[in-house]
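Observations on the model geometry
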Amino acid sequence: MSNRAVFLRGKLVLYLADSTVKLLEKRAMIIKMLAVGPFASNCYIVGSSSTREGMIIDPGAEAETILRTVQQTGLSISLIVVTHAHVDHVDALAAVKERTNAQVALHEAETGLFSTAPMRMLTSLGLTPFKQPPGPDRLLKDGDRIDVGDLHFEVLHTPGHSPGGICLLGHGVVFSGDTLFNYGIGRTDFPGGSHERLMKSIREKLMVLPDETIVYPGHGPPTTIGDERRGNPFLQDYPL
Ligand SMILES: [Zn+2]
Ligand SMILES: [Zn+2]
């Protein structure tokens, strides 16, 4: 087993096994998960415990709750990442952006949906239209890197649930939006959805990750890639 040397003021103080280093790296990341709104969408506040910089993933509803939680973490939010533009993931975007002044980032294939779909979807659900989300400041594509202080995430383009759906991978965790859930997968009956594309995304972008990768989905409790590989009923018919 390989070890990592740890120095304190130039003096060697201990060796850490790689697995311990990974654990410590994981601990250095602050992750707050909030289930918000009528669809219980997971909003994540993610940041570096050393630089105190952070991002918000999917401010789906309840702007005040999200902002209060941000305040409790002491993080300064510079970025809001939208995994996809369905209304249950962007409803509080306008308010959260206004108060944090953070940049909004989403995948380039999601912009069409971003401007029209939330309104259409709300009206079809009989809900009152909300404040139109602000336009994105940054367009993402597969393989892009997102830096949050000393944390780094890779953008995985995972179309299927929506054309510009993304997952964010970094530091042993993946934020999977509505692509993969704990024993579930995203529905594909919305405009721009495709079951084949979703399965391809899950197979080629997520199931290639190590079993111990923690999955933080857009709805429901966290899981791991290994648990999903072994037990997710929607993945069993597909060679993964
Ligand atoms: Zn969705
Ligand atoms: Zn959703």
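Below you will find a few notes about this structure. (Residues numbered from 1 in each chain as written. Chains lettered and ligands numbered in written order. Predicted model: local features only at pLDDT ≥ 70, side-chain atom pairs only at ≥ 80, totals over all residues.)

1. Quick word on the pairing of strand β11 (residues 166-170)
Counted residue by residue, β11 has four buried out of five residues, so it is predominantly covered. For strand β10 (residues 151-157) and β11, the ladder comprises four bridges, and the chain directions are antiparallel. Across the sheet, the residue bridging to His157 is Ile166, located in β11. Across three bridges, the pairing between β11 and strand β12 (residues 173-177) is antiparallel. The partner of Leu168 across the bridge, within β12, is Phe175. (Buried ≥ 20, exposed ≤ 12 C-beta atoms within 10 Å, placed from the backbone. Helix = DSSP H or I, 4+ residues; strand = E, 2+ residues; numbered from the N terminus. Pairing = 2+ DSSP bridges.)

2. Things to note about the pairing of strand β5 (residues 53-57)
Side-chain direction in a regular strand flips from residue to residue, so the side chains alternate between the two faces of the sheet. When you tally the buried positions in β5, you get four out of five residues, the bulk of the element. Alignment of strand β4 (residues 41-48) against β5, held across four bridges, turns out to be antiparallel. Along β5, the bridge assignment pairs Tyr44 with Ile57. Adjacent in sequence and paired antiparallel, β4 and β5 are bridged by four residues, among which Arg52 carries a positive phi angle near 65°. Pairing of β5 with strand β6 (residues 76-81) involves five bridges; the strand directions are parallel.

3. So, the sheet that holds strand β15 (residues 214-217)
Strand order in the open sheet made by the six strands is β9-β10-β11-β12-β15-β16, with mixed pairing throughout. The sheet is open, and its two borders are formed by β9 (145-148) and β16 (223-224), each paired with just one other strand.

4. Here we look at the nonpolar core
Counting 52 residues, the largest nonpolar core has Met55, Ile56, Ile57, Ile66, Ile80 and Leu168 as its most contacted members. Excluding anything up to four places from it in sequence, Ile57 contacts Cys43, Tyr44, Val46, Val81, Thr83, Leu168 and Phe175. (Core = buried A, V, L, I, M, F, W, Y, C linked by C-beta atoms within 7 Å. Contact = placed C-beta atoms within 7 Å.)

5. Concerning the environment of Asn42
Position of Asn42 among the secondary structure elements: in strand β4. You can call Asn42 buried: it has 26 C-beta atoms within 10 Å.

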